[in-house]
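# Analysis of the macromolecular model
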Amino acid sequence: IVNFSEDPSVLVVNALSPAEVQRVIIDNNYKKLDVILNEENLSKAIGRRGQNVRLASKLLDYEINILTEKEDTERRQMEFKEKTEVFVGNLELDETLGQLLVAEGFSSIEDLQKASIENLTKIEGIDDKTAEELINRASEFLKKDAEEISNKIKELGVSEDLASLEGLTQGMLLTLGEKKILSLKDFAELASDELVGAYDVIKGQRVKINGYLEDFALSRQEADDLIMSARNIIYK
């Protein structure tokens, strides 16, 4: 029995009791929750083979990611570094400008391409000319990247039926192709854990099981829906 709350961040704390939660980071757009706690509460929150956190995830209808404070700090630092490297490496920017864009909330080249000159020039150090150049570089990169990805998908042998499954992006198809998931039947036989990843506790140690599409901000519910759509087509 769990005390109910309309606030998912409160409800997840109640659902994971008796584990003591330090803080909760919520993403309502993707229905994800990051739960931050200390090491000694990990096994309580996750449970044997992830049972506790799975039940809490079903109760809330949110994907729950359990992290220690150290892991959360390391993850944030790594994300900042990786986002900066994407801008610097792909758009040929200096590192200071790349860091500035990330610090101002630009998470991807797509974000930059969609930005207006007006919004960019609100950032100290970016004038109209620089803003226009940034948007142009982002647009050119995305166009070229899309063409290259499309060619790679064909070279990998990804089938038309899988490529036409609604909800799968070109980037997802490329990743699946590299993992030898080439047909709609291959995809239909997957489980959501294989797509988005999962945590398990083995011999008292928490182990991360990586998912094929965990880098694409795919929720567990979205993964389930994609797999069921594939199964409905294959086994209809």
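As a further point, take the overall build of the chain. The secondary structure content of the chain amounts to 13 helices and 5 strands. Within the chain, buried positions represent 36% of all 236 residues. About 14,500 Å² of surface is accessible on the chain, with carbon and sulfur atoms providing 46% of the total. Where the 30 positive side-chain charges of the chain centre and where its 47 negative ones centre are 6 Å apart.

Attention shifts here to the side chain of Asp-72. Tracing the backbone through its elements, the reader meets Asp-72 in helix α4 (residues 69-91). What makes Asp-72 buried here is its relative accessible area of 0%. Setting aside residues no more than four positions away along its own chain, Asp-72 makes contact with Arg-23, Ile-25, Ile-36 and Leu-67.

What follows covers the sheet that holds strand β1 (residues 23-27). Strand order across the open sheet formed by 3 strands is β1-β2-β3, with mixed pairing between neighbours. Looking at strand neighbours, the two that pair on one side only are β1 and β3 (63-68), the edges of this open sheet. With direction set aside, neighbouring strand axes in the sheet form an average angle of 20 degrees. In this sheet, strand β2 (residues 32-37) lies alongside β1 in antiparallel orientation, the contact comprising 5 bridges. In the strand pairing of β2, Ile-26 is matched with Leu-33. Docked against the sheet, helix α1 (residues 8-15) engages β1, β2 and β3, running at close to 130 degrees with respect to β1.

In this section: unusual backbone geometry. Omega for the peptide link from Ser-17 to Pro-18 comes to 15 degrees, which places this bond in the cis form. Relative to the elements of secondary structure, Pro-18 occurs in the loop between α1 and β1. A positive phi is found at Asp-61, a non-glycine position, where the angle reads about 65 degrees. Within the element layout of this structure, Asp-61 appears in the loop between α3 (51-60) and β3. You can call Asp-61 partly exposed: its relative accessible area is 38%. The backbone of Lys-180 shows a phi angle near 70 degrees, a positive value even though the residue is not glycine. Among the residues examined, Lys-180 registers a relative accessible area of 62% and is labelled exposed.

Rules and cut-offs
Every chain is numbered independently, its residues counted from 1 as its sequence is written. The model is predicted, so local features are restricted to residues of pLDDT at least 70 and side-chain atom pairs to those at 80 or more, both for listing and for counting; the totals for chains, interfaces and linings are taken over all residues. Water and hydrogen atoms play no part in the side-chain values, which are based on all heavy atoms of the structure. Helix and strand definitions here come from DSSP, where helices need a minimum of 4 consecutive H or I residues and strands a minimum of 2 consecutive E residues; each element is numbered from the N-terminal end. Burial classes: relative accessible area under 20% of the type maximum marks a residue as buried, over 50% as exposed, and values in between as partly exposed (1.4 Å probe, protein chains only). Method for areas: the Shrake-Rupley scheme with a 1.4 Å probe, in which residue coverage is limited to the protein chains shown. As used throughout, the charge tally considers Lys and Arg to be positive and Asp and Glu to be negative, leaving His and the chain termini uncounted. Taken as the charge location is NZ of Lys, CZ of Arg, CG of Asp or CD of Glu. By definition, residues are in contact when any of their heavy atoms lie within 4.5 Å. What makes two strands pair is DSSP finding at least two bridges between them. Axis definition: a line fit to C-alpha positions, over the contact stretch in the case of helices; interaxial angles, taken between N-to-C directions, run 0 to 180 degrees.

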